[in-house]
Amino acid sequence: MNQIEIIRNVSDVMDALGVAVVSIGVLWGLFSFAKGLVTQTADIAYKTFRIQIVRSLILGLEVLVAGDVIRTVAISPTLTSVAVLGAIVLIRCFLSWSLTLEIDGRWPWQAPRPGQTE
């Protein structure tokens, strides 16, 4: 097994890990939602469910970006592949920011509002 194959396998593992993070996060959110319906109001259970899904999406996106960076930089560092990676990272960053806005009600670079926790 040469170095390129090892790097490709590592990036494939990172991709699988990113998918697993999102999948497990959604399943955990569904479990928590079902449990919350019994112990809390439906509104609180739903909000908790949404936050869990968004958090797992953000973490999964970060792991997927890491896999893309490893693959692009180590295997095929051409101008085209780097440009495609840049576009993917920009799209994923915007998605991550908008998901953070969905959870916190503010952009990641904004200070918390009075009474709001980090």
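The structure displayed is predicted, hence computed values, not measured ones.

Draft legend 1. Representation of the overall build of the protein chain in the model. A count of helical and extended segments in the protein chain gives three helices and zero strands. For the protein chain, the spread of C-alpha atoms along the three principal axes comes to 55 × 30 × 20 Å. With 118 residues in all, the protein chain has 24% of them scored as buried. Intrachain contacts of the protein chain at a sequence separation of at least 6 include 63% that bridge at least 24 residues. With the model as given, the accessible surface of the protein chain reaches about 7,900 Å², and the carbon-plus-sulfur share is 70%.

Draft legend 2. Structural detail: a nonpolar patch on the surface. A surface patch of nonpolar side chains, about 310 Å² in accessible area, is lined by Met1, Ile6 and Val10. Relative to the helices and strands, Val10 is located in helix H1 (residues 3-39). Given the relative accessible area of 39%, Val10 is considered partly exposed.

Draft legend 3. Main features of the packing of helix H2 (residues 42-74) against helix H3 (residues 79-104). Running from N to C, H2 and H3 point in directions that differ by 165 degrees, and their axes come no closer than 10 Å. Looking at the two axes, H2 sits roughly antiparallel to H3. In the packing of H2 onto H3, the handedness of the crossing is left-handed. For the pair H2 and H3, the contacting residues are Arg50, Ile51, Val54, Arg55, Leu57, Ile58, Leu61, Leu64, Val65, Asp68, Val69 and Thr72 in the first and Ser81, Val82, Leu85, Ile88, Val89, Arg92, Leu95, Ser96, Leu99, Thr100, Glu102 and Ile103 in the second. By residue class, the composition of the contact of H2 with H3 is 15 nonpolar, four polar and five charged.

Draft legend 4. Spotlight on the packing of aromatic side chains. The full count for this structure, using the stated rule, is two aromatic pairs. On the numbers, 5.4 Å between centres and 40 degrees between planes, the contact of Trp28 with Phe31 is tilted. Of this pair, Trp28 and Phe31 both sit in helix H1, three residues apart, roughly one helical turn. With a centroid separation of 5.3 Å and an interplanar angle of 40 degrees, the aromatic rings of Phe33 and Phe49 are classed as tilted. With Phe33 in helix H1 and Phe49 in helix H2, the pair connects residues that are 16 residues apart, well separated along the chain.

Draft legend 5. How the structure looks around the environment of Val84. Tracing the backbone shows Val84 in helix H3. The sequence separation of Val84 and Asp68 amounts to 16 residues, and the corresponding C-alpha distance is 10.0 Å.

Draft legend 6. Here's a closer look at H1. The end-to-end C-alpha distance of H1 is 52 Å, a good match for the 54 Å that 37 residues give at a rise of 1.5 Å each. Those residues of H1 that are buried lie in contact with H2. A distance of 3.2 Å separates the backbone nitrogen of Ile4 from a side-chain oxygen at the start of H1, and that oxygen is part of Asn2.

The rules behind each value
Residues numbered from 1 in each chain as written. Predicted model: local features only at pLDDT ≥ 70, side-chain atom pairs only at ≥ 80, totals over all residues. Heavy atoms only, no water. Helix = DSSP H or I, 4+ residues; strand = E, 2+ residues; numbered from the N terminus. Buried < 20%, exposed > 50% of the residue type's maximum accessible area, 1.4 Å probe, protein only. Contact = heavy atoms within 4.5 Å. Areas by Shrake-Rupley, 256 points an atom, 1.4 Å probe, with all protein chains shown as cover. Patch = residues over 30% accessible without salt bridge, like charges linked within 9 Å, V, L, I, M, F, W, Y side chains within 5 Å. Salt bridge = Lys/Arg side-chain N within 4 Å of Asp/Glu carboxyl O. Axes fitted to C-alpha atoms, helices over the stretch in contact; angles between N-to-C directions. Parallel < 35°, antiparallel > 145°, perpendicular 65-115°, else oblique. Left-handed = near helix turned anticlockwise from the far one by under 90°. Nonpolar A, V, L, I, M, F, W, Y, C, P; charged D, E, K, R; others polar. Phe/Tyr/Trp six-rings, centres within 6.5 Å; stacked < 30°, edge-to-face > 60°. Expected span 1.5 Å × (residues − 1). Polar contact = N/O pair within 3.5 Å; in protein donor to acceptor, adjacent residues only side chain to side chain.

Interpretation in functional terms is not warranted from these geometric data alone.
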